[in-house]
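# Coordinate inspection notes
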Amino acid sequence: METIELVVGRIGKPHGIRGEVTVDVRTDEPERRYAPGAVLRAQPPQGSASTLRSLTVARARWHQSVLLVTFEELGDRSAAEAARGIVLHATIPADATPEDPEEFYDHQLVGLAVHDVDGTALGTVTGLVHGGAQDLLAVRAVDGRDTLVPFVKALVPEVDLSAGRVVVADRPGLVAPLPEDAD
């Protein structure tokens, strides 16, 4: 079975003295990725003394808006401090989909044809840029320009994975060039 890896978080500072850590969540499915027993690949930052290559979730809980996770391998505050900065990866089947039908994994979107609401070809999705306020679809327009489209329902009303396309409610200058730039 073919699998892919998703970045699901980064370990932050220790919380308390028993090895619990804060996690900067990078997934829309934290309950699924940080379930007790989940094994995540650990990627220590460059220059780190950590030799950890995987971490097993013992428990996870929310404290205000911060995810706190206890990993079996981090028994005390010193171990938790040494793990700071580790990027956490989950391995999933390549054909897996998020539980929410309105959510997509990045790899599912890359390569999809981009059309406007009238069906005119606009380009191809080349990636996703995860921003603080919203995600952006990276689109290579048919004329070769690279553009970014806010990945919001008003501008991207339809994503049809089975048809291999996304619909963009294009505006002049968004994907298609401005009329004065089209010359």
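What you see is a predicted model, and the numbers here were worked out from it, not measured in a lab. (Residues numbered from 1 in each chain as written. Predicted model: local features only at pLDDT ≥ 70, side-chain atom pairs only at ≥ 80, totals over all residues. Heavy atoms only, no water.)

## Some points on the overall build of the protein
Counting its secondary structure elements, the protein contains three helices and twelve strands. Against the globule reference of 16 Å for 183 residues, the protein gives a C-alpha radius of gyration of 20 Å, more extended than a compact globule. Along the first, second and third principal axes, the C-alpha set of the protein runs to 65 × 35 × 30 Å. The buried share among the 183 residues of the protein stands at 38%. If you take every contact in the protein between residues at least 6 apart in sequence, the share linking residues at least 24 apart comes to 49%. (Helix = DSSP H or I, 4+ residues; strand = E, 2+ residues; numbered from the N terminus. Rg over C-alpha atoms; globule rule 2.2 N^0.38 Å. Buried < 20%, exposed > 50% of the residue type's maximum accessible area, 1.4 Å probe, protein only. Contact = heavy atoms within 4.5 Å.)

## A look at unusual backbone geometry
Unlike most non-glycine residues, Q64 shows phi in positive territory, near 60°. Residue position: Q64 is located in the loop between β4 (54-63) and β5 (66-71). Its relative accessible area of 74% is what places Q64 among the exposed residues.

## Comments concerning the pairing of strand β9 (residues 135-141)
Each regular strand shows side chains that alternate between the opposite faces of the sheet. Sheet topology places strand β8 (residues 121-130) next to β9; seven bridges connect them, and they run antiparallel. Bridge pairing links G127 to A138 in β9. Summarising the sheet, β9 and strand β10 (residues 146-150) pair through five bridges and their orientation is antiparallel. Bridge assignment links A138 to a residue of β10, and that residue is L148. (Pairing = 2+ DSSP bridges.)

## Focus: the sheet that holds strand β3 (residues 39-43)
What the six strands build is a closed barrel, ordered β1-β2-β5-β4-β3-β6; its pairing is antiparallel. Taking each pair of neighbouring strands and ignoring which way they run, the sheet shows an average axis angle of 50°. Here strand β1 (residues 3-14) pairs with strand β6 (residues 87-93) via seven bridges, running antiparallel. Note that in β6 the partner of L6 across the bridge is A90. (Axes fitted to C-alpha atoms, helices over the stretch in contact; angles between N-to-C directions.)

## Some remarks on the sheet that holds strand β7 (residues 113-116)
Taken together, the six strands give an open sheet; going across it, the order is β10-β9-β8-β7-β12-β11, and neighbouring strands pair in mixed fashion. The open sheet has two free edges, formed respectively by β10 and β11 (158-160), since each of these has just one partner strand. Across the sheet, the axes of successive neighbouring strands diverge by a mean angle of 35°, strand direction being ignored. Pairing geometry for β7 and strand β12 (residues 165-168), over four bridges, is parallel. The residue bridging D116 from the neighbouring strand is V168, located in β12.

All quantities given are derived from atomic positions and should not be read as evidence of function.
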